[in-house]
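Close look at the chain arrangement
Spelled out from the first residue to the last, the chains are:
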Amino acid sequence: MNGGMNGVRRIAMWSGPRNISTAMMRSWGNRPDTHVVDEPFYAHYLNETGLDHPGWEEVIAHQEPDWRKVADTLLGPLPAGRTIFYQKHMAHHLLSGMGGDWIDGLTHAFLIRDPRAMLASYTRTRETVTLEDTGLPQQRTLFEKLADAEGSPPPVVDSRDILMDPPRMLRRLCEALEVPFDEAMLSWPPGPRPTDGVWAPYWYHAVERSTGFQRYQEKTVGLPDHLERLAEDCLPYYQALHAHRLT
């Protein structure tokens, strides 16, 4: 397993949008041994695609848009006393041409969510969404590449499983990532964090009020026809990853 150079475990968690990824960042960020970073390639992604996301101007103004410089920071030194570097990544931010040795310096994991639930949440903030926006094709491509290179699949966790039993699933994830579990991962103080991206005012309202993982509640999700079709397109990618999830 990569990402353990010089006594530091650098964890790249590849997610899609609306997938408890920020709650997971809160969980890891509450550990005293862990430094976190929030979607470090977001400015590069927006700069290259020209997509009109909420807070576009703030992201471009406040975050480094050169992916090479960003990648260097992902392998760089940590604050004193920190031995884990948890990196919250959106898989769709990994654009063509961004591969390289920096990926080999990280320990990778994947966070997934049922596509229908994800789409219902995502479209409350953005009216339009494409298959590429979900990050699922990019997750599957990277997952298969890493599995082939390492000879075994990297860990996958489903957000539903985490919300059903946070202690068990976080222990399983830590075991798979070869780091000790810490009870501090189960709860955290409410409010914003200095490590939150400048886009937090558009997306992080619920997380800022939270003090832990919300208890999972089964919901009936109704989608308009065009999103039902998109959910069907998402399903093979989700199922391919779900088959490898930790239980």
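Anything mentioned here points back to the structure above.
The following refers to the structure shown. Position numbers for residues count from 1 along each chain, tracking the sequence in the order it is written. Per-residue local features of the predicted model are confined to residues with pLDDT of at least 70, and side-chain atom pairs are confined, for both listing and counting, to 80 or more; whole-chain, interface and lining totals are unaffected and use all residues. The side-chain numbers reported here are obtained from all heavy atoms of the structure, hydrogens and water having been left aside.

Moving on to the pattern of salt bridges. Between Lys or Arg on one side and Asp or Glu on the other, a salt bridge is scored when a side-chain nitrogen of the former is within 4 Å of a carboxyl oxygen of the latter. As enumerated under the stated definition, the model contains 11 salt bridges in all. For glutamate 178, the salt bridge goes to arginine 9, with nearest N and O atoms at 3.2 Å. Residue glutamate 178 is located in the loop between α9 (166-177) and α10 (200-203), and its partner arginine 9 is located in strand β1 (residues 9-15); the two are separated by 169 residues in the primary sequence. On the basis of relative accessible area, glutamate 178 is assigned to the exposed category, the value being 52%. Only protein chains enter the accessibility calculation, which uses a 1.4 Å probe; a residue whose area is less than 20% of its type maximum is buried, one above 50% is exposed, and one in between is partly exposed. We classify arginine 9 as buried; its relative accessible area is 12%. Residues glutamate 175 and arginine 172 are paired through a salt bridge, measuring 3.5 Å at the closest nitrogen-oxygen approach. One end of the pair, glutamate 175, and the other, arginine 172, are both in helix α9, three residues apart, so they sit about a helical turn from each other. Glutamate 175 sits in the exposed class, given a relative accessible area of 56%. Looking at arginine 172, the relative accessible area reads 24%, which means it is partly exposed. Note on conventions: DSSP H or I runs of at least 4 residues are helices, E runs of at least 2 residues are strands, and numbering of each starts at the N terminus.

Within the secondary structure, histidine 53 sits in the loop between α2 (42-49) and α3 (56-62). We call two residues contacting when some pair of their heavy atoms lies within 4.5 Å. Not counting residues within four places of it along the chain, the set of residues in contact with histidine 53 comprises Tyr42, Tyr45, Leu46, Tyr122 and Arg126.

Attention shifts here to the environment of arginine 209. Structurally, arginine 209 is set in helix α11 (residues 205-209). Take arginine 209: its relative accessible area is 63%, and that puts it in the exposed class.

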